[in-house]
Every structure is written in structure tokens, then in C-alpha cells.
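# Structure assessment
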Amino acid sequence: MGDLTHVKNILSESSELTGRLVIGTIESICASLLPPLVQEFHRLYPGVNVSIVIDSPDTLLAMMNNNAIDIVYFLDRRLDDTKWVKVMEKPENIIFAASSRHTYANETGLEIDQVISQPMILTEKDASYRLLLEQYLAADGKKVYPYLEIGNTEFIIRLLRENGGISFLPEFTIRREMKAFIELVRNVEEMPDF
């Protein structure tokens, strides 16, 4: 009878979540994808304090394995470990990006040599998508020489807007700029002829 009373007491208590949630992620996801997710989470669970830790995937996984963070959200190759519960895994497009004013902006069928010969702005070497690019190039005996390496994706996007070169980024990081450009093109196409 005591167990039944205990269960009834638990069920009658407030179901509002409280406490702290520590999310580990990489900079590009933090800047692009997390803001609306954190806002919605806060709307649903206002009693939970959220902390975000930005670091490399290896460091984040080590922190999660030591219970320093609760969840990780990053881009990487497929990883599995019996200590983890994977709740989502999906592929992301990683693309070469440049300003709409770039020399190659309207070109199709470019060769990789043409692209990597341009001034390149890349993320730090720890970024998984940068590593994939370097491995792809190395398999063909090629190498990329960025004039700038930086871990801040917003900085890279700002340079791209100013026609500062080409970068290799997850598509979601520049989706907003792509939509704005498409909308601009539509508006120009709909303008009456004078």
C-alpha cells in the first residue's frame, strides 16, 4: 500500500521541468540552428536553465562521457558508443559558398581545381567538414591553402557577403542568405519593364 501512495504522490506533483541542461555544440550550429531551438525550449520549459558549451566534437564527446554536458549536437562522421543514446542523425549538405558577385557565381560545371585556386576562407582544422574536404583533396593528391582560418562561421559569412573569397560550409549556415538572394532575384524578375 505504501508503494501505491508513493506513486500517487509522484503523479500529483508538478510536472514542470526544472534544473539545468548543458548542451555541447560546434560554433556553426550554435550560431545558425540553436537560437530558435533554445527559444522554443525556454517557452516550453521556462524552469530549465540552459548552458551552451562550444568546442570541437572530440572535446564535447569527452565532456559528455564525463557527465560535464548532457547532450551534444554537432556535425561529424557517424559515431556510436554504448554509453550514448542517439536521438537524431541526419546528413547535412556541405557546399562551396561565395558571394553572388563572385567570378564563379553563375558558372556551372566548375572543376575542384578552379574552386580551390580561389582565395579560400575555411573553418579551423578541427571542423569535421573541413577534414572531409582535406581528405577528399588528399585522395587526389591535392591540397587547399586558405588565406584565413577561423572558427567563427558568422565572420566567414560576413566576408563572403563582401566577396572575400570562397568557403566550404554546411548549407544551413548560409540558408538565410540563399533565401534572401532568391527573393531578390524574384523581385527583380517581377519588376515591370520601363
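With mixed pairing, the four strands of this open sheet are ordered in space as S4-S7-S5-S6. Each end of this open sheet is capped by a strand with a single partner; those strands are strand S4 (94-98) and strand S6 (148-149). Of the strand pairs in this sheet, strand S5 (residues 120-122) and strand S7 (residues 166-170) are connected by two bridges, and their pairing is parallel. Opposite Met-120, over in S7, you have Ile-166 as the bridge partner. This element, helix H6 (residues 128-139), spans S4, S5, S6 and S7 of the sheet and lies at about 120° to S7. Along the sheet, helix H7 (residues 153-161) makes contact with S4, S5, S6 and S7, crossing S7 at roughly 135°.

What follows is about the nonpolar core. In this structure, Val-144 and Leu-169 are the most contacted members of the largest nonpolar core, which totals 32 residues. Residues within four places of Val-144 in sequence aside, it is in contact with Ile-116, Met-120, Leu-122, Leu-133, Glu-134 and Leu-137.

Conventions and cut-offs
- Residues numbered from 1 in each chain as written.
- Predicted model: local features only at pLDDT ≥ 70, side-chain atom pairs only at ≥ 80, totals over all residues.
- Heavy atoms only, no water.
- Pairing = 2+ DSSP bridges.
- Helix = DSSP H or I, 4+ residues; strand = E, 2+ residues; numbered from the N terminus.
- Contact = heavy atoms within 4.5 Å.
- Axes fitted to C-alpha atoms, helices over the stretch in contact; angles between N-to-C directions.
- Core = buried A, V, L, I, M, F, W, Y, C linked by side-chain atoms within 4.5 Å.
- Buried < 20%, exposed > 50% of the residue type's maximum accessible area, 1.4 Å probe, protein only.

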